[in-house]
Amino acid sequence: MNVEEETCGNDENQIDPITPSPLRRRATSMKVSSSGREFYCHGQAIDQIIDEYANADKDSSKTWTRMFVERFLIDKSWYFPGKDKTNGPQLSKAYAYYEHFALARYLSHDVSATADHKFIRAAPGESSVPTELYSPFFTRESTLGEFGIGVGLYFTMLRLLSIVLVLAGLINIPNILYYSSTEYSDQDAIDVFAKGSAICTLEEWTVCTDCSTEGLVIGSEQAKRYAESSDTIFALRNLCPRPELTQAMVHFSSLITLLVIFWLLGLYEKQREVIFDEGKQTAQDYSVLVKNPPPGAYDPEKWRVFFSQFTEKQVTSVSVLLNNHKLVRKLIYRRVLRKKLEEYIPRDLDLDEEDLVREQVSMFLKDQEGEKRGFFSLLCACTFIPILRCFGYFLPPDVLVDRFYHLKEEIKDLLKEKYDVVKVFVTFETEGGQRNALDALKASKVVTMFNLTDQMPPSTIFEGRVLHVDEPPEPDTVRYLDLHVGIITRYVKYFTTLLLTIGIVIGCGFLVQLTRRDLGSEYSAYLTTAFNSIIPLIVKLLLQLENHPDESKLQQSLYLKVTFFRWV
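Computed from a predicted model, the values in this text were never measured in an experiment.

Asker: What is the right way to look at a nonpolar patch on the surface in this model?
Answerer: A cluster of nonpolar side chains, namely Leu245, Met249, Phe252, Leu255, Ile256, Leu259, Val260, Trp263, Leu264 and Leu267, defines an oily patch on the protein surface of about 1000 Å² accessible area. Structurally, the position occupied by Leu245 is in helix H7 (residues 245–279). What makes Leu245 exposed here is its relative accessible area of 63%.

Put into structure tokens, the structure is as follows:
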């Protein structure tokens, strides 16, 4: 039997026998929306769907980059070296997949346009009704809630803040006119973009009796403001007039105005959040998350019966999550290896036939030996590719085959292990069921931590345990591979990376200060700009050491560290 079926269908289709049943759908299939239901496709059926998109899309519905590539570059070997490669990638299919599965699209038929012209976002790969790409210029603000509450609020506040900053600029026009006039200083020597600022160009050398030039580096910005003649030290002094009460009142009024507006924006943001939340219903609005289930509570039916007491209608679904992250990672990596192997073997070849696969790979390697290689290809083969192969990139097909079948045996061994329950997601038919469950199972952290069953009603105890129940994050933000990590381990890793970040900030600050002292402010500015570009990348690498239950927690950690660096 082939590992992946070559058909499309619903959940009951046959699937990979090596994959455990709770993970089979996620590991071996692609979900395509069709007529409001989830439709799963496997193998060549996915290619057929993408083929239809590639052939049926009109120029008016394509991105301009896709049209340019398909018209002028797709047949150029210098742009697409693999255009003649057997079973190799195809740019037309890649662009079709990118536009229909990766980019956001909305339902373009008439019933999708609501009274406020809010277009409903289509599921990735929607094929039952016409869809179009969202316009980057003409998409309405009311539609942005389709991308999530955070996205809608971000662009709403971005628009309002731009208006606020324009207003602040208008309030400061009197000061801008004053500082740009000759009454303050000579503006001819100032850069055009700096005119209107408080830069002073009227200076004179004056004797400074209590100044010292010791410790000043020759050529630095500080040293340029001092001069020494015999035993006399001169300092460069500004002659521009000090700000008067008029300028101070303008600054003060703009500050007060901004504070009041930001307070009002906070109230407005909360109202917009409610509007976006009510306009976009997700599984989060109907679900609860059990954070401390009994390790052996595998049966979803028991969970269904327990939570049915909190709703007048049914419990729609129960998802029991296990601490099988090692198995899931192996399955993901096996999937990656499989997709890479498909570039070197015929599509209809069964990967369960190990001898045939190895024979096809050997034939491919022999054919590849006779091909001529360009200078750039030989250069990369001798320099970058050996280094990247140490990290699992650009592996040759014979190595892929060895890893694929070795990994298959590892997965079989992991399937024999027993895994504990770490989290449980329960979804109700109505929002009322969710609220009733959250209210009835509300307990303090002390009660749940020490399992004080005598402090809770007997009907809320599940198999002798006080459950810690909370509202779950959005389904597409859950980091399933990190849910097994305990809170103590999470915080230890979090503070470890935070200390590393603080150390990096101290080191960067020391280097900037040293550069400013020895080379001047110009070079220190260049170094600061370089650090601002590099440090976020380093912080993202450090975040690989952390474990977070959802993407929002990960983004909060990233934001805190990057903001701390740039603020310091």
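Asker: What is the right way to read the layout of surface pockets from this model?
Answerer: The space that makes up the second largest pocket amounts to roughly 1500 Å³. The set of elements that each furnish at least two residues to the lining of the second largest pocket consists of helix H10 (354–369), helix H11 (375–382), helix H12 (384–389) and helix H13 (397–415). With 7 residues, the top contributor of residues to the lining of the second largest pocket is H10. Looking at the lining of the second largest pocket, its residues break down into 16 nonpolar, 8 polar and 12 charged.

Asker: Help me understand the side chain of Asp482, please; the structure alone is not making it clear to me.
Answerer: When you line up the elements, Asp482 lands in the loop between strand E14 (469–470) and helix H16 (487–519). Overall, Asp482 belongs to the buried group, its relative accessible area being 4%. Beyond its immediate sequence surroundings of up to four residues, Asp482 is in contact with Arg329, Glu546, Asn547 and His548.

Asker: How do you make sense of the state of the cysteines when you look at a structure like this?
Answerer: The bond known as a disulfide is covalent and runs between the sulfur atoms of two cysteines. By the definition in use, this model includes 2 disulfides. The residue that forms a disulfide with Cys200 is Cys240, at a sulfur-sulfur distance of 2.0 Å. Classification of the bridge connecting Cys200 and Cys240 rests on its S-S torsion, roughly 95°, and on that basis the disulfide is right-handed. Taken together, the residues span a long stretch of sequence, with Cys200 in the loop between helix H6 (173–179) and strand E6 (203–207) and Cys240 in the loop between strand E8 (232–238) and H7 at a distance of 40 residues. Taken individually, Cys200 and Cys240 each receive the classification buried, so the pair is uniform in this respect. Here Cys208 is linked by a disulfide to Cys211, with a sulfur-sulfur distance of 1.7 Å. Handedness of the Cys208-Cys211 disulfide follows from its S-S torsion of about 70°: it is right-handed.

Asker: Just checking my understanding: could you explain the sheet that holds E14 for this structure?
Answerer: Each strand in a sheet pairs with its neighbour through backbone hydrogen bonds, running either in the same direction (parallel) or in the opposite one (antiparallel). Pairing is antiparallel across the open sheet formed by 4 strands, whose spatial order is E10-E11-E9-E14. Of all the strands in the sheet, the pair left with one neighbour each is strand E10 (315–322) and E14. Here E10 runs beside strand E11 (residues 421–428); their pairing, made up of 7 bridges, is antiparallel. Bridge pairing in E11 links Ser317 to Thr427.

Parameters at a glance
- Residues numbered from 1 in each chain as written.
- Predicted model: local features only at pLDDT ≥ 70, side-chain atom pairs only at ≥ 80, totals over all residues.
- Heavy atoms only, no water.
- Patch = residues over 30% accessible without salt bridge, like charges linked within 9 Å, V, L, I, M, F, W, Y side chains within 5 Å.
- Areas by Shrake-Rupley, 256 points an atom, 1.4 Å probe, with all protein chains shown as cover.
- Salt bridge = Lys/Arg side-chain N within 4 Å of Asp/Glu carboxyl O.
- Helix = DSSP H or I, 4+ residues; strand = E, 2+ residues; numbered from the N terminus.
- Buried < 20%, exposed > 50% of the residue type's maximum accessible area, 1.4 Å probe, protein only.
- 1 Å grid on protein atoms, 1.4 Å probe; cavity = no way out; pocket = protein on both sides within 12 Å on 5 of 7 lines; lining within 4 Å.
- Points joined across faces, edges and corners; volume = space filled by probe spheres on them.
- Nonpolar A, V, L, I, M, F, W, Y, C, P; charged D, E, K, R; others polar.
- Contact = heavy atoms within 4.5 Å.
- Disulfide = S-S within 2.5 Å.
- Pairing = 2+ DSSP bridges.

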